[in-house]
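# Overview (structure and organization)
Each chain, letter by letter, is given below.
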Amino acid sequence: MECFGEILDMVRRKGPVVHSITNYVTVNDCANIILAAGGSPIMADDAAEVEQIVALSSALVINIGTLNERTVASMLAAGKRANALNIPVVLDPVGAGASDLRNDTLRRLLQDVRFAVIKGNSSEIRFLAGEKATARGVDSDEGVMVSEGNISEAARMASSLSAATGAVVVVSGRIDIVAHTKGAWAVSNGDPLMTRVTGTGCMTAAIVGCCVGAAPTELPQASLCAVCAMGVAGEVAAENMGAVGGGTGTYRALLLDAMSSMDGPTITCRANLRHVV
């Protein structure tokens, strides 16, 4: 955890440009959370420019939440260009398993693009790992979410997918898992209110993009820092709700505020993680 403050400082010092080809439901939230963390967002998704844009960037985030044939071509082109330039690529496989279009696109992406990090909910990661999984729209099936009862199994599954893809694998949920070939960690930060705001999972992927863009040689640590930072921001926002009142709209604003004020001492003190495998 001592390195988390250094990674957050690097994000704010370097201001990594995070190129996001993401979904139109949460694009504004992702841009704002990148700014709050200290990065610089650019949300270009036209195939005519994505290769040029990614060449100017520190990281690329590909999110398939509102997939269409036009953006599939953009994702593939941007991902290949990022690989050629050794720019880390983050995949958020939103709704994996829900439709043939999503599944075929993920197959093509995983075949043609080398990912630094794959971040998804339990159902999405299980699907990519080749295990039986069901989803409720783009949300995870409650029956497969990570819990204290299945945490070791979930960590082994994530580590197996990491070994198969070469990517750090992040499983988001009430308990988050961050895994790579040398180990897996469980993160128990966050607040239930995060599930009442659209896009907190997408925002987590955006923060991963910030952290790996700033520290591309420290992918596991950067990914773990991003997950902890998002969870701690969720907790701080919930605590601040008591002072200001309001509902989920207020919580969304407080979440951005908490990320914008996140620092090394806060994340080091509050990060709740443990080694699992």
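Per chain, residue numbering runs from 1 following the sequence as it is written. Given that the model is predicted, a residue must reach a pLDDT of at least 70 before its local features are reported, and side-chain atom pairs must reach 80 or more before they are shown or counted; all residues, however, enter totals for whole chains, interfaces and linings. Excluding hydrogens and water, the side-chain figures rest on all heavy atoms present in the structure.

## Here's the deal with helix α4 (residues 69–84)
Basically, it comes down to this: Only DSSP runs of H or I with at least four residues qualify as helices, and only runs of E with at least two residues qualify as strands; both kinds are numbered from the N terminus onward. Under the convention used throughout, the expected extent of a helix is 1.5 Å for every residue step, that is, one less than its residue count. The contact definition used throughout considers only heavy atoms, calling two residues in contact when any of these lie within 4.5 Å. By the criterion applied in these results, polar contacts are pairs of N or O atoms within 3.5 Å in which, for protein atoms, one can donate a hydrogen and the other can accept it, and in which residues neighboring in sequence qualify only through two side-chain atoms.
With 16 residues, α4 should reach 22 Å at 1.5 Å per residue; the first-to-last C-alpha distance of 23 Å fits that figure. In this structure, the buried residues of α4 make contact with β1 (17–21), α3 (50–55), β3 (59–63), β4 (89–92) and α5 (100–112). N-capping of α4 is provided by Asn 68, with a side-chain oxygen placed 3.0 Å from the backbone N of Arg 70. Once α4 finishes, Asn 86 follows within two positions and takes phi at roughly 60°, a positive value.

## Re helix α2 (residues 27–37)
Cut-off, in case you're wondering: Throughout, exposure labels follow a simple rule: accessible area from a 1.4 Å probe, protein chains only, divided by the maximum for the residue type, with under 20% read as buried, over 50% as exposed, and the rest as partly exposed.
Residues of α2 that are buried: Asp 29, Cys 30, Ala 31, Ile 33, Ile 34, Ala 36 and Ala 37. Of the residues trailing α2, Gly 38 is marked for its positive phi of about 110°.

## Some remarks on the UniProt feature "binding site: ATP" (unreviewed entry) in the protein chain
What counts is decided by this rule: UniProt positions are given in the numbering used here, feature names are shortened, and annotations may be inferred rather than shown by experiment.
In the numbering adopted here, UniProt assigns the feature "binding site: ATP" (unreviewed entry) to Lys 119 and Ser 172. Spanning 54 residues, the named residues nonetheless gather at one spot, since no C-alpha pair among them exceeds 7.2 Å. Given a relative accessible area of 3%, Lys 119 falls into the buried group. Within the secondary structure layout, Ser 172 lies in strand β8 (residues 168–172). Not counting chain neighbours up to four residues away, the residues in contact with Ser 172 comprise Lys 119, Gly 120, Asn 121 and Ser 122. In this structure the side chain of Ser 172 is engaged in a polar contact, spanning 3.5 Å, whose partner is the side chain of Lys 119.

## A look at the sheet that holds strand β2 (residues 40–42)
The condition that has to hold: DSSP calls a pair of strands paired once it identifies at least 2 bridges connecting them. To obtain each axis, a line is fitted to C-alpha atoms, and for helices this fit is confined to the stretch in contact; angles are then taken between N-to-C directions over 0 to 180 degrees.
What the nine strands build is an open sheet, ordered β2-β1-β3-β4-β5-β8-β9-β10-β11; its pairing is mixed. Of all the strands in the sheet, the pair left with one neighbour each is β2 and β11 (273–275). Neighbour-to-neighbour, the strand axes of the sheet open up by a mean angle of 20°, direction not taken into account. The pairing of β1 with β3 spans four bridges and is parallel. Note on β3: the bridge partner recorded for His 19 is Leu 60. Lying over the sheet, α2 contacts β1 and β2, oriented at roughly 155° with respect to β2. α4 contacts β1, β3 and β4 of the sheet and is inclined by roughly 155° relative to β3.

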